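# Residue-level structure breakdown
Residue-level listing of the chains:
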Amino acid sequence: MKKTKSTSNKIWTPFLTLLFAFSSMAVWSQQTVTGTVSADDGPLPGASVVVKGTTTGVSTDFDGNFTIEAGPDDTLQFSYIGYVAQEILVGTQTQINVTLAPGNELDEVVVIGYGTQRKSDLTGSVASVSAEDVAAIPVSRVDQALQGRAAGVQVTQVSGAPGASTSIRVRGGNSIQGSNEPLWVVDGIIVGTNFNLNNISANDVQSIEILKDASSIAIYGSRGANGVVLVTTKSGARVGGGKPQVSVGLYTSMQMVPEQPAYLNQAQQIDYTNQDAIIRGVAEPFPGNPSDYPDNDFFDLLLGPSPIYNADVSIAGSSENGNVNYYNSLNFFDQDGLIENSGIEKYIFRSNLDFKLSDKLKAGLRINYSRIKQENGVVGYGGLLGILPTQPIYNDDGSFNGANEVTGNPFNNPVATSQLDINETTASNLLGTVYLEYNPIENLTIRSTFNPDITNSKNNRFTSSQRPDLQTGDSNARISTTSIFNWNNENTIQYSGDFGDKHNYTLLGGASFQKDVTETTSAQAFGFTTDATTFNSLGLGSDPSRNIVTSGYNQRTLVSFFGRLNYTFDDKYLLTLVGRSDGSSVFAPGNKYEFYPSIAAAWKISEEAFMENQDIFQDLKLRASYGKAGNQAIGPYRTLALYSEGNTSVNGVEVPGAVLGRPANPNLIWETTTSFDIALEASLFGGRLFTEFNYYQKETNDLLLDVTIPRQTGYSNQLQNIGSLENKGWEFLLNSRNIQNENFNWNSTITLSSNKNKILDLGGEEFIDVVVDQILGAGNLRLIVGESAPVFTGAQYLGTWKSQAEIDASGQDPATNFVGGPRYQDTDGDGIISNEDFEVLGNPWPDLIYGFENNFSYKNLDLNIYIQGTVGNEVFNRRTRNSFFIRGELPKYAEVADYWSADNPTSDVPRPGFVEGAYQPNSFDVEDGTHLRLKNVRLTYNFPVEKMGWNGVKNMSLYATGTNLLLFSDFRLIDPESSSYGRNGLGNLAQGFSNGEYPNARVLSLGLNVTF
């Protein structure tokens, strides 16, 4: 039957009425749901709460609170990065409190070069260190917090002096003459390898990522061969819920003087020194009783417990609509050194601002300003090891003594020096970023940044006219200034898209322009007759003929173009292609540009169908990468010839002139490192266990080395690209959530790594001496083809000569070999101990680097215990020459009390009366550097502020920390973790030498953190 209009209305009216009724019921049945989202350690601000299947959702405020409208049949989804999401049916509930469990580590988002990425989608090797890890140990520099935290990264504290830097090797060293330090990038700003990390407050750090393999570092091209460390500072995003969050952190520390090396006591030293004089046929320096002479403890006089004070204040938050995010902080840090007149004082201001100007345009800035004053110290710890306890400090008239009581030579009295001399540095640094980000269409981002880095520093030195060891006119003052202006402009364009149901990709392209300018000046005057003005009036120097004035200028520019493709198929197969072209002004035309490509792939095995019916692996991923990165390895102007100052005579009058200093070499090119990495990552047992194993191999070619050239050229050597070396090793990481329940949690982290390097070629040379003993002219550090770079070399120490017959039978020179004297292995049998008899005695690189951390929490108490150390490395003890061998006017190790004598004929400790020429660098100088350090213990009490009714206080914690509490080592100078050559220049390669450096203190700290 044909339906009329009225009939049709009659049919649809009941259905429309019923639909309206159900709709009304649905609307009126919606209810307001409130609650909190938290984790075991506190609320989760910014957590997402969404009505499943809709776009309705909210974010929690700073206290983890939320309010949302939902119906009884709705399901709420609760999620937060790094935690397992939960779904809860609303039903009749009007309050829902949720505690999210820590999620799969592979779900974490990490920072990579020019972007971020989920860890599960990484194809490269990236190690992460969180803000909690950085804050766990009170440090003055962020690099100190990395020690033992990342597998494959060796961090050595070269000195315990306040503000002292570390030496970092990411998967070994790639260069011999160039820097082996990683590239530092702060909030996207490339600050280089020698940026003073004292300029950054550790409290401002949100996370640190260390890029290690070709896939992750190739985006930085010629800057990334030694690894890249990315520092991301905090922002106000998702903080405060529209209200400012104020955080205050205070701590005070007391540094305790560590254990000192064991030396002969006063009476034993007097005996040894007298015996030395008797054997050499000179008068005994101490003919009386030991009680007749001083027994000074110079360590007690110049070292003592010293405090550290630190205060941090920050204000962070975002506007209610989220269009403005801000983080502003102030830091004050003041550390007195263990040794008199050493210390550091820092003031740091940071402001991080982000603005959403429209739906398509964002802008922001990062400003970090620091002002640092550093007392560099005028007395060295190693110098104190070289003073006899019998040395007088004062003369009879009360003036400072300036003569050695044994030799009569001038004596640099450390008590006088510490009171009279000055060595201080004041520096200011401005590190900034201004960025603009534009999204013209969905998934397309265009970003441009400009980054200035400005440093001005001034070093003041004054050597007092009252120093008792100086001659009239030797007092002097020097002022040195350094001005550095660096700028960097980065421009990137990124597009993310997909095609089909299984193909996803992200394309990144960019251009970078950088210029570094350094200017230095120095003026020094001599002959001050008064200390009244110290270094403040150089014109008062009375000997203008000795004045020294110098200046310098260096400029380096770098132009780069780079690109990256990240491709994913079916969320199981990942591919990354990276390429960067760099052009540097330090090379000659024709060699300025180089291209660095890499390729990486990953397979998410756990996403395959054959993995569905197993409950062991939550995630399982296999990845591999291959590519190249570079190292400029030279400073500006090294391709050019150099003229040096030189004087000549004209008509019998000396006039200044110039001489050829070094030859030009326009053929120099970049050092290039080719690396391969393969790794397996796994999350097991529902995310309770995460492990990662990496194997890598790197080869560096075109090493830059100073090569001996024919003297007919007028030069002795020339810088050339001739060498190659390799590094290969493995890394292991294990994170375990051992126990997790309502009141007690226990988590553990283990990092293990091993790296072996080997020199493949030295341009035809069999070996090159790197460190040459200044007195003997004998090498004790060498580069040898087929060995590690470098190795310690010397003669094998065989103990002492027990009879004249042994000496005669050996054929060695009786003038430098004597009964009771040191005996070395004459390898070639020519009767002369020389470089030809030297053997490889060890190297400074550990067979194993490890870190072991345990975190315990019980109700409101948290306990962190952190252990780190090395196995299998050697240390060349430079003090052994004076403290075990050489003559008696120098202090001796305690074990020297057992020296050879007619009454002790079996001893292998050389007798007094040692002849200088009998010493050779030897195996007794080289000691085992294996050590285990209880790096940190931290106990924290988290106040239950809600139960205590402290309105306005969001979080409050009180903590006590002990750092460097225990050290297990057999090293004679106690702490094998030092480097007498530092980290730059010769110290770049000459690691593992110890001469009694500034000690690492035991530190006890008490701190308070409050958030309002």
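Before going into details, it helps to say that this report is about the structure given with it.

Glancing now at the side chain of Asn 1000. One can find Asn 1000 in the loop between strand 49 (993–994) and strand 50 (1002–1011). Side-chain polar atoms of Asn 1000 contact the side chain of Asp 975, separated by 2.9 Å. If we ignore the near neighbours within four places in the chain, the residues touching Asn 1000 are Gln 157, Ser 159, Gly 160, Pro 258, Arg 933, Asn 964, Asp 975 and Glu 977.

Attention now goes to unusual backbone geometry. If a residue is not glycine, its phi is most likely negative; likewise, a peptide bond is most likely trans. In the segment running from Ala 789 into Pro 790, the intervening peptide bond is cis, with an omega of 0°. Positive phi outside glycine occurs at Lys 859, with the angle close to 50°. Counting through the fold element by element, Lys 859 comes out in the loop between strand 43 (848–858) and strand 44 (861–871). Judged by relative accessible area, which is 54%, Lys 859 ranks as exposed.

A side chain with one charge may pair with a side chain of the opposite charge, provided their charged atoms come close. Enumeration over the complete set of coordinates arrives at 35 salt bridges. A salt bridge links Glu 181 to Arg 169; its shortest N-O distance comes to 2.8 Å. Linking Glu 181 in the loop between strand 13 (166–170) and strand 14 (183–186) with Arg 169 in strand 13, this pair joins segments that are 12 residues apart in sequence. Judged by its relative accessible area of 2%, Glu 181 falls in the buried class. Under the relative-accessibility criterion, Arg 169 is labelled buried at 3%. Of the charged contacts, one joins Arg 350 and Asp 187 as a salt bridge, the two residues approaching to 3.3 Å between their closest N and O atoms. In this pair, Arg 350 sits in strand 21 (residues 342–356) while Asp 187 sits in the loop between strand 14 and strand 15 (189–192), placing the two residues 163 residues apart along the sequence.

Strand order in this open sheet of 3 strands is 46-45-49, and the pairing throughout is mixed. Only two strands of the sheet have a single partner each, and these edge strands are strand 46 (926–928) and strand 49. Direction of pairing for strand 45 (residues 874–877) relative to strand 49: parallel, over a ladder of 2 bridges. Looking at strand 49, one finds that Phe 876 is bridged to Phe 993.

Let us look at the nonpolar core. Of all hydrophobic cores here, the largest spans 43 residues; its most connected members are Leu 303, Leu 384, Tyr 824, Phe 884, Phe 885 and Phe 914. Setting aside chain neighbours within four positions, we find Phe 914 in contact with Asp 276, Phe 818, Pro 822, Phe 885, Ile 886, Arg 887 and Tyr 919.

This paragraph deals with empty space enclosed by the protein. Counting across every chain of the model gives 7 cavities of 30 Å³ or more. Of the pockets and cavities examined, the largest cavity occupies roughly 390 Å³. Contributing to the lining of the largest cavity are 26 residues, with Pro 138, Gln 144, Gln 335, Asn 964 and Val 1003 lying nearest its centre. Elements with a contribution of two residues or more to the lining of the largest cavity: strand 18 (245–256), strand 20 (324–336), strand 47 (931–942) and strand 48 (955–969). Among the elements that make up the lining of the largest cavity, the one with the highest residue count is strand 18 (3 residues). Residue composition of the lining of the largest cavity, grouped by class: 10 nonpolar, 13 polar and 3 charged.

Once that is clear, we can look at the pairing of strand 19 (residues 306–318). Sheet topology note: the strand 18/strand 19 ladder contains 11 bridges and is antiparallel. Opposite Gly 249, over in strand 19, you have Asp 312 as the bridge partner. In terms of strand pairing, strand 19 meets strand 20 through 11 bridges, oriented antiparallel. Across the sheet, the residue bridging to Ile 315 is Asn 328, located in strand 20. As consecutive antiparallel partners, strand 19 and strand 20 are separated by 5 residues, and within that stretch Gly 322 has a phi angle of approximately 75°, a positive value.

About the thresholds
Residues numbered from 1 in each chain as written. Predicted model: local features only at pLDDT ≥ 70, side-chain atom pairs only at ≥ 80, totals over all residues. Heavy atoms only, no water. Helix = DSSP H or I, 4+ residues; strand = E, 2+ residues; numbered from the N terminus. Polar contact = N/O pair within 3.5 Å; in protein donor to acceptor, adjacent residues only side chain to side chain. Contact = heavy atoms within 4.5 Å. Buried < 20%, exposed > 50% of the residue type's maximum accessible area, 1.4 Å probe, protein only. Salt bridge = Lys/Arg side-chain N within 4 Å of Asp/Glu carboxyl O. Pairing = 2+ DSSP bridges. Core = buried A, V, L, I, M, F, W, Y, C linked by side-chain atoms within 4.5 Å. 1 Å grid on protein atoms, 1.4 Å probe; cavity = no way out; pocket = protein on both sides within 12 Å on 5 of 7 lines; lining within 4 Å. Points joined across faces, edges and corners; volume = space filled by probe spheres on them. Nonpolar A, V, L, I, M, F, W, Y, C, P; charged D, E, K, R; others polar.

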